[in-house]
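The chain contents come next:
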Amino acid sequence: MRLAKRVQQLPPYLFAEISRKIAEKRAKGEEVISFGIGDPDVPTPPHVIERLRAAALKPANHRYPETEGLPEFRKSAANWFKKRFNVQLDPEKEICSLIGAKEGVGHAALCFIDPGDIALVPDPGYPVYSIGTMFAGGTPYYLPLKEENGFLLDLDAIPEDVARKAKVLWLNYPNNPTGAVATLDYLAKAVAWGKRYDVPVLHDAAYSEIAYDGYKSPSIMQVPGAKDIAMEFHSLSKTYNMTGWRLGFACGNRDMVNALYRVKTNLDSGVPQAVQEMGIEALNGSQQSIADTIAIYKRRRDKLIPELQHLGLRVTPPRASLYVWARVPEGYTSAGFATTLLDEKAIVATPGTGFGPAGEGFVRFSLTLSDENVDKALARLKGWKIPPAKK
Ligand SMILES: Cc1ncc(COP(=O)(O)O)c(C=O)c1O
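Note that the structure is a prediction, hence the values are computed from the model and not measured.

### Details of the overall build of the protein
Then step 1. Regarding its fold elements, the protein presents 13 helices and 13 strands.
Then step 2. Taken over C-alpha atoms, the radius of gyration comes to 21 Å for the protein, in line with the 21 Å a tight globule of 391 residues would show.
Then step 3. Projected onto its principal axes, the C-alpha coordinates of the protein cover approximately 60 × 55 × 55 Å.
Then step 4. Split into buried and exposed, the 391 residues of the protein put 57% on the buried side.
Then step 5. Partitioning the contacts of the protein with sequence separation of at least 6, the portion at a separation of at least 24 is 76%.
Then step 6. In the structure as shown, the protein presents an accessible area of about 17,400 Å², 54% of it carried by carbon and sulfur atoms.

Here it is in structure tokens:
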């Protein structure tokens, strides 16, 4: 049997060694505390679950959904968008439901990338931008997110010939893994750049609602003229603690949304309708759970960061997202520090290199573990003398 090149080319699992160590420690009965995956520990709000209970009993929901999503879900998304960003979206033409933003991001590559094309992809970045590109036969062209630029992708540094060849520009703010945010001015520059080179701008806004200290993330759709060249991906996963239910939506330029819809109709049959009903409830109902969830992450952020700083790690508190992006101590690589943290303290952080080569020198701590475990981890870290990096 020969597997297709796209499968053969998948990068090796970077954290195989760390995963092996975690399994070994757990087998010995050691309690490993993980700041690894960004998957909310807080449950879905009760009123959303109640809606699922009722929706599950309706025979109409037992049948195939429509790929573009229930009209009522798309209307709810449009109303939410209008309230949140003061942007009017046409629920018929400018919104498509998604089986989570990940599904939309992955399939979007099939809309814009032909074999041999290049996609501009942030490094470090959510891996699906580059893997999706590769699955479509294209090549990711990595654009480094540098600390000195506030982890904003430097549009002016994109070489002219690359800009002319590119078929898509990926952006993601609030950013995974760096926690960086972009201003509306920055997003406006990205739209102008996309128009100058006729390159679709795809903005992944999966973390738009997880923000601290009064910060409100902008949408690229607030940029005048964004609908000419941009599409944005939204997710209910982090906003309403719904990662397990798989629901999001794409919105923006109608031809781009329609292309994604056409790809999807040929590959999936849409989001289960009962789950879309949960989305209708989440988007239209009380938004209190968002503030409550943010308060929890903020508490964890504000406990963890001073402890990391005491240890000598350089960290800027994120204004949004679920992540604390910390520079590893002098002399360490990302993987080296993550391994030492695991060996000595049984604590898991994700090496920055898991998100691309420019993630070297950083580790990512996700805030999605229980307060009890955060406190246990902090107690372990207190007074830790980090050993010198092995040469
Ligand atoms: C940047 C980014 N986009 C999209 C997703 C996926 O979101 P969803 O759960 O809606 O598929 C994630 C999940 O971690 C993410 O980090």
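Structure shown, so let's carry the discussion forward.
### What to know about the packing of helix α2 (residues 16–27) against helix α12 (residues 334–345)
Then step 1. The contact between α2 and α12 brings their axes to 11 Å, and the two run at 5°. In terms of orientation, α2 lies roughly parallel with respect to α12. Between α2, through Ile18, Lys21, Ile22 and Lys25, and α12, the contact on the second element is made entirely by Ala338, Thr339, Leu342 and Asp343.
Then step 2. Tallied by class, the residues present in the contact of α2 with α12 amount to 4 nonpolar, 1 polar and 3 charged.

### Here's the deal with unusual backbone geometry
Then step 1. Following Asp123, the chain continues into Pro124 via a peptide bond in cis, with omega recorded as 5°.
Then step 2. Residue Pro174 follows Tyr173 across a cis peptide bond; omega there is -10°.
Then step 3. Its place among the elements puts Pro174 in the loop between β5 (166–172) and α8 (184–197).
Then step 4. A positive phi is found at Asp198, a non-glycine position, where the angle reads about 55°.
Then step 5. The residue Asp198 is located in the loop between α8 and β6 (201–204) in this model.
Then step 6. At Ala346, a position not held by glycine, the phi torsion is positive, near 50°.
Then step 7. Within the secondary structure layout, Ala346 lies in the loop between α12 and β11 (347–348).

### Re the site of the ligand
Then step 1. Taken together, 14 residues surround the ligand, and among them Asp204, Tyr207, Ser235, Ser237 and Arg246 come closest.
Then step 2. A distance of 2.8 Å is found between an oxygen atom of the ligand and a backbone nitrogen or oxygen belonging to Lys102.
Then step 3. In the environment of the ligand, an oxygen atom lies 2.6 Å from a nitrogen or oxygen atom belonging to the side chain of Ser237.
Then step 4. A total of 400 Å² of accessible area belongs to the ligand in isolation, and the protein chains cover 92% of it.

Procedures and definitions
Residues numbered from 1 in each chain as written. Predicted model: local features only at pLDDT ≥ 70, side-chain atom pairs only at ≥ 80, totals over all residues. Heavy atoms only, no water. Helix = DSSP H or I, 4+ residues; strand = E, 2+ residues; numbered from the N terminus. Rg over C-alpha atoms; globule rule 2.2 N^0.38 Å. Buried < 20%, exposed > 50% of the residue type's maximum accessible area, 1.4 Å probe, protein only. Contact = heavy atoms within 4.5 Å. Areas by Shrake-Rupley, 256 points an atom, 1.4 Å probe, with all protein chains shown as cover. Axes fitted to C-alpha atoms, helices over the stretch in contact; angles between N-to-C directions. Parallel < 35°, antiparallel > 145°, perpendicular 65-115°, else oblique. Nonpolar A, V, L, I, M, F, W, Y, C, P; charged D, E, K, R; others polar. Near = heavy atom within 4 Å. Polar contact = N/O pair within 3.5 Å; in protein donor to acceptor, adjacent residues only side chain to side chain.

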